[in-house]
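Chain and residue survey
Take a look at the letters that make up each chain.
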Amino acid sequence: MRTKLNEIIKNGHIGMIVVFFIVYMITFSYIEDRDVHHYIIHTTIDEQIPFCEYFIVPYLLWFLFVAVTVFYFMFLIRINGKNIIS
């Protein structure tokens, strides 16, 4: 996919990307602003689940782990010349 995108940009067809972005944003705005009925899903079991502030730490570490992993595969593997996809 990256090579196809680079080919589109290299051939000067950046207008296709701009048109797609405009259509995408118009569609997104329409979907976001629709007036639909929202359902609130809440049960008595939800009230019985305790909140433990210590679980915030592993929750936030999970996001850090995902970000570090993505950057590792994006940059370090490309720098070392390893190709793990094909």
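Residues numbered from 1 in each chain as written. Predicted model: local features only at pLDDT ≥ 70, side-chain atom pairs only at ≥ 80, totals over all residues. Heavy atoms only, no water.

A tally of regular secondary structure across the chain gives four helices and zero strands. Secondary structure elements of the chain occur, N-terminal to C-terminal, as α-α-α-α. Taken over 86 residues, the chain has a buried fraction of 1%. (Helix = DSSP H or I, 4+ residues; strand = E, 2+ residues; numbered from the N terminus. Buried < 20%, exposed > 50% of the residue type's maximum accessible area, 1.4 Å probe, protein only.)

Among the surface-exposed residues, Phe-51, Ile-56, Tyr-59, Leu-60, Trp-62, Phe-63, Phe-65, Val-66, Val-70, Phe-71, Met-74 and Phe-75 lie close enough to one another that they form a single nonpolar patch of about 1300 Å² accessible area. As for its position among the elements, Val-66 is in helix 4 (residues 56-80). (Patch = residues over 30% accessible without salt bridge, like charges linked within 9 Å, V, L, I, M, F, W, Y side chains within 5 Å. Areas by Shrake-Rupley, 256 points an atom, 1.4 Å probe, with all protein chains shown as cover. Salt bridge = Lys/Arg side-chain N within 4 Å of Asp/Glu carboxyl O.)

What follows is about the packing of aromatic side chains. For the structure on display, the rule yields three aromatic pairs. For the ring pair Tyr-59 and Phe-63, a centre distance of 5.1 Å and an interplane angle of 80° mean the geometry is edge-to-face. Taken together, the positions of Tyr-59 and Phe-63, both in helix 4 and four residues apart, correspond to about one turn of that helix. Residue classification places Tyr-59 among the exposed positions, given a relative accessible area of 51%. (Phe/Tyr/Trp six-rings, centres within 6.5 Å; stacked < 30°, edge-to-face > 60°.)

With that settled, consider the confidence of the model for the chain. In the predicted model, the chain carries a mean pLDDT of 82, and the fraction of residues at 70 or more is 79%. Element-level mean pLDDT values for the chain span from 70 in helix 1 (residues 2-10) up to 90 in helix 3 (residues 44-48). (pLDDT = per-residue confidence, 0-100.)

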